[in-house]
Amino acid sequence: MDTSILLEILRDQREELDTLRSQRFCKRKEEDMVKLESKKAQVVIGVRRSGKSTLCFNVLDKAQVKFAYVNFDDERLVRLSAEDLNDVLKCLYQIYGDFTHLFLDEAQNIEGWHLFVNRLLRHGMKVFITGSNAKLLSSELSTYLTGRYNEIELYPFSFREFCEMEKVETTNLSTKTDALLRLFMQATVAA
C-alpha cells in the first residue's frame, strides 16, 4: 500500500481515538487483569461489540503511557498483508512519535500478524491486541504466541455494570427504587 494513503488512514484513526477521550466509560473488572508493563502481549478476546477496544483504550489512556493505535477492522486496510506491517509501524512512528505501547485492534484480520507481534515483543514493545472469539481462538493464540501472551476474555456488559454506569442503586432499595430498577430492567430487555 502507498505510504501516503496509509498515513492518511492512520491519521484518521488517531482522530477517532482522540474523540474517545471526551467520552465517559464504565470501568470493567477485566481492566485489572491487564498487565500494562508485561513482556507478554495483552490479548483481549470476546464477541463483537463487547467492549474490547474500549477496555484497552481505557487502560492505556488512564495509565498515561505513550501508545500508538491501528484498527485493522477498517475497510481501507483490507488488502494489507504481513509484509505491509513494517510500513504500518513506520507510519505510526511518524504520527505518534516515540511510543512504548502498541494497540493492534482486530489484528487477526491480517494474515501473519503473529510474526509481526513476536518481532515487536522481542524488541521490548508492549503490545495490546484485540480480536473476536470467532477469529482469534485460544487454540490459535497458543500456536501463534506460545508463552508470549496474557489472554483476557471479555463478555458484553452485565446488568450490574450497566447500573453502575448509569449510577442506578442496586442495594438497600426502597420501594420506589426497586420499582424503577425493575422498570429499567424491562426496558433494557425490550431494547
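Please read these numbers as outputs of a predicted model, since none were measured by experiment.

Cut-off values and rules
Here the residue index of a chain counts from 1 through its sequence in written order. A pLDDT threshold of at least 70 governs which residues receive local features in this predicted model, and a stricter bar of 80 or more applies before side-chain atom pairs are shown or counted, although totals over entire chains, interfaces and linings include all residues. Side-chain figures throughout are based on the complete set of non-hydrogen atoms in the structure, without hydrogens or water. The rule is simple: take the accessible area with a 1.4 Å probe, protein chains only, and divide by the maximum for that residue type; under 20% is buried, over 50% is exposed, in between is partly exposed. A run of H or I in DSSP becomes a helix once it reaches four residues, and a run of E becomes a strand once it reaches two; helices and strands are each numbered from the N terminus. Strand pairing requires that DSSP identify at least two bridges connecting the strands. Helix span is expected to be 1.5 Å times the residue number reduced by one. The arc in question is traced by the directions running from the helix axis to the C-beta atoms. Contacts: residue pairs with any heavy atoms within 4.5 Å of one another.

Novice: Can you walk me through the pairing of strand β3 (residues 101-105) in this structure?
Specialist: Regular strands place side chains that alternate from one sheet face to the opposite one. Buried residues dominate β3, accounting for 5 of its 5 residues. Across the two faces of β3 the burial is the same, with H101, F103 and D105 and L102 and L104 all buried. Where strand β2 (residues 67-71) and β3 come together, 5 bridges link them in parallel fashion. What sits directly across from N71, in β3, is D105. Relative to strand β4 (residues 126-132), β3 runs parallel, the two being bridged by 4 bridges. Its bridge partner being in β4, L102 is matched across the sheet by V127.

Novice: Please explain helix α1 (residues 3-20) as it appears in this structure.
Specialist: The α-helix advances 3.6 residues per turn, and as a result positions three or four apart in sequence lie on the same side. The end-to-end C-alpha distance of α1 is 26 Å, a good match for the 26 Å that 18 residues give at a rise of 1.5 Å each. Those residues of α1 not exposed but buried are L6, L7, I9, L10, Q13 and L17. Buried residues of α1 fall within an arc of 165° about the axis and therefore sit on the same side. Away from the buried face of α1 by more than 90 degrees, exposed residues E8 and E15 are located. Contacts made by the buried residues of α1 are with α2 (52-63), β2 and α3 (85-96).

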